[in-house]
Amino acid sequence: MSNPNDYVVGWICAITTEYVAAQAFLDEKHEGPEYISPNDNNDYTLGKIGKHNVVISVLPHGEYGISSATGVVRDMLHSFPHVRIGLMVGIGGGAPSPKHDIRLGDVVVSATGIGKGGVFQYDFGKAIQGREFQETGFWSQPPTVLRAAVNGLMAQYKLDGHQLEEAINSVLEKKPRLRRDFKRPDPSSDRLYRSEVTHPPDAEASCSELCGDDPSNLKSRRERTENDDNPSIHYGLIASANRLMKDALLRDKFAKEKDVLCFEMEAAGLMNQFPFLVIRGICDYSDTHKNEQWEGYAAMAAAAYAKDLLCRVALNRVEAEKKIGDVLSGNSKA
């Protein structure tokens, strides 16, 4: 059985699809753990990526949002006191704009480059009479070691491109039972509808049947070529809240005014505990046109990026970081 003190990277997933993708990219899977705190209700998978021992956990089935994520992080630290860096890896809704050509299956990484954390809690702020609601929930930046690795990976991908698609296909080759739910869907299913076009409420038929491919309802986008990275990686602001974003007009407002690239429901709860790096595969466009076809592949793309990132970080750099529990308690010892 595995010793909990050996694990220094914490990886959080929100749903089963993300949990499966995370496990699929482990280089080694470990038994255990040999001990779980009585105050810990989490399920864990332990393993190794590169040189790092990683503990992966998932939110309880049927639970979503900031408070649930906070509980998972809190319990993890009870049982794995030596965790020093954290990743939140999974799926999210994209916010495409003229500035950011975000497609289904792309990856968004929480990195702003402006001194603020890459996660923005858009339902947290203050109301002042006579003014618009002012959001104040920008959370802290991830540890320097992760931000440096992000920059290094950006340069690596710029020089040589990435091999995320090849990595996903390799996993599916080894685990063929995952192909049905986790392979890349047909590109024709990636439809970006105009913001004013909504899916009929409570309709049971699929979006392709009800909303269709009428060009007048779709936003025109150029086809990606073999010279384009596909999936593409985007770096910027991720918006988080306790509610699911399914409003294209509000999505566009945040994209234009805040330069938001992605919406999700858990990261703010983690960032409030300690600074995670958030990595999201895009499975829909944060509108009424939900697209479950892309959830598996988007989760795989995010997990593949997370693995590349960890493989750029030297083990001694992670071990030099303060223990998260010590950071929270105000203890400066590493």
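Heads up: the structure comes first, above all this text.
Residues numbered from 1 in each chain as written. Predicted model: local features only at pLDDT ≥ 70, side-chain atom pairs only at ≥ 80, totals over all residues. Heavy atoms only, no water.

Peer 1: What exactly am I supposed to notice about the overall build of the chain here?
Peer 2: For the chain, the count of helices and strands is eleven helices and eleven strands. Taking the intrachain contacts of the chain between residues at least 6 apart in sequence as the baseline, contacts between residues at least 24 apart amount to 76%. (Helix = DSSP H or I, 4+ residues; strand = E, 2+ residues; numbered from the N terminus. Contact = heavy atoms within 4.5 Å.)

Peer 1: Explain the nonpolar core to me, please; I cannot follow it from the model alone.
Peer 2: One recurring pattern in soluble globular proteins is that nonpolar side chains are buried together. Ranked by size, the top nonpolar core spans 80 residues in total, and within it Trp11, Leu87, Ile279, Met300, Tyr305 and Leu309 carry the most contacts. The element that contributes the greatest number of residues to this core is helix 9 (residues 295-311), accounting for twelve residues. If we skip the residues at most four places from it in the chain, Met300 touches Ala21, Ala24, Phe25, Ile168, Val171, Leu172, Leu178 and Phe182. The next biggest cluster of nonpolar side chains, apart from the first, holds eleven residues, and it includes Ala95, Phe120, Leu237 and Phe263. (Core = buried A, V, L, I, M, F, W, Y, C linked by side-chain atoms within 4.5 Å. Buried < 20%, exposed > 50% of the residue type's maximum accessible area, 1.4 Å probe, protein only.)

Peer 1: Explain the state of the cysteines to me, please; I cannot follow it from the model alone.
Peer 2: Among covalent bonds in proteins, the disulfide is the one between the sulfur atoms of two cysteines. Considering all chains together, one arrives at zero disulfides under this definition. Note on Cys262: no disulfide assigned, nearest cysteine sulfur contributed by Cys283 at a separation of 8.5 Å. Classification of Cys283 as buried rests on a relative accessible area of 4%. (Disulfide = S-S within 2.5 Å.)

Peer 1: When you look at the packing of helix 4 (residues 164-174) against helix 9 in this model, what are you seeing that I'm missing?
Peer 2: Relative placement of two packed helices is described by the angle separating their axes and the distance separating the axes. Contact pair helix 4 / helix 9: the axes reach a minimum separation of 9 Å and the direction vectors enclose 110°. The orientation of helix 4 relative to helix 9 falls into the category roughly perpendicular. As helix 4 runs across helix 9, the sense of the crossing is right-handed. On the side of helix 4, the interface is formed by Leu164, Glu165, Ile168, Val171 and Leu172, while helix 9 contributes Tyr297, Met300, Ala301, Ala304, Tyr305 and Asp308. (Axes fitted to C-alpha atoms, helices over the stretch in contact; angles between N-to-C directions. Parallel < 35°, antiparallel > 145°, perpendicular 65-115°, else oblique. Left-handed = near helix turned anticlockwise from the far one by under 90°.)

Peer 1: Is there a simple way to think about the environment of Ser216 in this case?
Peer 2: Topologically, Ser216 is positioned in the loop between helix 6 (207-210) and strand 9 (233-240). The spacing of Ser216 and Tyr193 is 23 residues in sequence and 9.1 Å in space, taken between C-alpha atoms.

Peer 1: Help me understand the packing of aromatic side chains, please; the structure alone is not making it clear to me.
Peer 2: In this description, a pair of aromatic rings is defined by centroid distance and the angle of the planes. Here the structure, examined in full by the defined rule, presents six aromatic pairs. Ring centres 6.1 Å apart and planes at 90° place the aromatic pair Tyr7 and Phe80 in the edge-to-face group. Taken together, the positions of Tyr7 in the segment before strand 1 (9-13) and Phe80 in the loop between helix 2 (66-79) and strand 5 (85-94) put the pair 73 residues apart, joining distant regions of the chain. Under the relative-accessibility criterion, Phe80 is labelled buried at 0%. Geometrically, the ring pair formed by Tyr44 and Phe80 is edge-to-face, given 4.8 Å between the ring centres and 65° between the ring planes. Taken together, the residues span a long stretch of sequence, with Tyr44 in strand 3 (residues 44-49) and Phe80 in the loop between helix 2 and strand 5 at a distance of 36 residues. (Phe/Tyr/Trp six-rings, centres within 6.5 Å; stacked < 30°, edge-to-face > 60°.)

Peer 1: Honestly, the side chain of Arg280 in this entry has me stumped. Any pointers?
Peer 2: Relative to the elements of secondary structure, Arg280 occurs in strand 11 (residues 276-284). The class of Arg280 is buried, set by a relative accessible area of 0%. At 3.2 Å, the side chain of Arg280 and the backbone oxygen of Ile91 are in polar contact. (Polar contact = N/O pair within 3.5 Å; in protein donor to acceptor, adjacent residues only side chain to side chain.)

Peer 1: Would you explain the packing of helix 1 (residues 16-24) against helix 9 in this entry?
Peer 2: The geometry of helix 1 relative to helix 9 is characterised by a closest axis approach of 9 Å and an angle of 40° between their N-to-C directions. Accordingly, the angle class assigned to the pair helix 1 and helix 9 is oblique. Considering only the axes of helix 1 and helix 9, their crossing is right-handed. Listed contacts from helix 9 to Thr17, Glu18, Ala21, Ala22 and Ala24 of helix 1 are Glu295, Gly296, Ala299, Met300 and Ala303. In terms of residue class, the contact of helix 1 with helix 9 is built from six nonpolar, two polar and two charged. (Nonpolar A, V, L, I, M, F, W, Y, C, P; charged D, E, K, R; others polar.)

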